[in-house]
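Residues per chain, in single letters:
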Amino acid sequence: MLRQAVRADIDSIHPEPDGALTEERAALAPDLARSLMRHAVSANVVPLRASGERYVPVALLSYLQAERPRVLVMGAFHHSRLRETFLGGLTSAMLRDADLPVLMSN
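Attention here is on the structure that accompanies the text. Note that the structure is predicted; figures quoted are calculated from it, not measured.

## Section: the overall build of the protein
Scanning the protein from N- to C-terminus turns up 4 helices and 4 strands. Counting from the amino terminus, the protein carries its helices and strands in the arrangement β-α-β-α-β-α-α-β. Looking at the protein as a whole, 30% of its 106 residues qualify as buried. Long-range contacts, defined here as pairs at least 24 residues apart, represent 70% of the contacts in the protein between residues at least 6 apart. Counting every atom, the protein has about 7,500 Å² of accessible surface; 55% of that belongs to carbon and sulfur.

Shown next as structure tokens:
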């Protein structure tokens, strides 16, 4: 499916208020892009900023609304109910608010 895509964007969302990233987190998106390229998928890394974890879904939904991709492919996992109550969760937000097909993997 990804090989047939005209474009594959890897959205790397940075929720740190000061924009600081650890080396490990900063390397994830480029590593994924290189992995996709080894499988003949043209991939671009798109850095997005969010002012805190609570605004990560807002940043991604804004990007999706502006770019209008055909499908969103993302990982999915669950946090504790308490954490999701106060900080929200990207997985549940995408299931609830995304207006395009979402392919998730855990």
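## Quick word on the environment of S92
Structurally, S92 can be placed in helix α4 (residues 90-97). You can call S92 partly exposed: its relative accessible area is 30%. Along the backbone, S92 and P57 are 35 residues apart, and their C-alpha atoms lie at a distance of 9.4 Å.

## Focus on the nonpolar core
Judged by nonpolar contacts, the single largest core of 15 residues is most densely connected at I13, L60, L64, L72 and M94. With 5 residues, helix α2 (residues 56-67) is the largest single contributor of residues to this core. By size, the runner-up hydrophobic cluster in this structure holds 7 residues, among which are A8, A29, L36 and A43.

## A word on the pattern of salt bridges
Taken as a whole and judged by the stated rule, the model has 5 salt bridges. Residue D9 is joined to R7 by a salt bridge in which the shortest nitrogen-to-oxygen separation is 2.7 Å. According to the relative accessible area criterion, D9 is partly exposed, its value standing at 25%. Of the charged contacts, one joins R96 and D97 as a salt bridge, the two residues approaching to 3.4 Å between their closest N and O atoms. The exposed category is assigned to R96, whose relative accessible area is 59%. Accessibility expressed as a relative area gives 38% for D97, which makes it partly exposed. Counted as one network, the salt bridges with shared partners bring together R7, D9 and E67.

## Here's the deal with the packing of α2 against α4
Pairs of packed helices are described in terms of their axes, by the angle between the two and the distance that separates them. At a minimum axis separation of 9 Å, α2 and α4 run at an interaxial angle of 40°. The orientation of α2 relative to α4 falls into the category oblique. The handedness of the crossing between α2 and α4 comes out as right-handed. Each of V56, P57, L60, L61 and L64 in α2 lies in contact with α4, whose residues at this interface are L90, A93, M94 and D97. Partitioning the contact of α2 with α4 into residue classes produces 8 nonpolar, no polar and 1 charged.

About the thresholds
- Residues numbered from 1 in each chain as written.
- Predicted model: local features only at pLDDT ≥ 70, side-chain atom pairs only at ≥ 80, totals over all residues.
- Heavy atoms only, no water.
- Helix = DSSP H or I, 4+ residues; strand = E, 2+ residues; numbered from the N terminus.
- Buried < 20%, exposed > 50% of the residue type's maximum accessible area, 1.4 Å probe, protein only.
- Contact = heavy atoms within 4.5 Å.
- Areas by Shrake-Rupley, 256 points an atom, 1.4 Å probe, with all protein chains shown as cover.
- Core = buried A, V, L, I, M, F, W, Y, C linked by side-chain atoms within 4.5 Å.
- Salt bridge = Lys/Arg side-chain N within 4 Å of Asp/Glu carboxyl O.
- Axes fitted to C-alpha atoms, helices over the stretch in contact; angles between N-to-C directions.
- Parallel < 35°, antiparallel > 145°, perpendicular 65-115°, else oblique.
- Left-handed = near helix turned anticlockwise from the far one by under 90°.
- Nonpolar A, V, L, I, M, F, W, Y, C, P; charged D, E, K, R; others polar.

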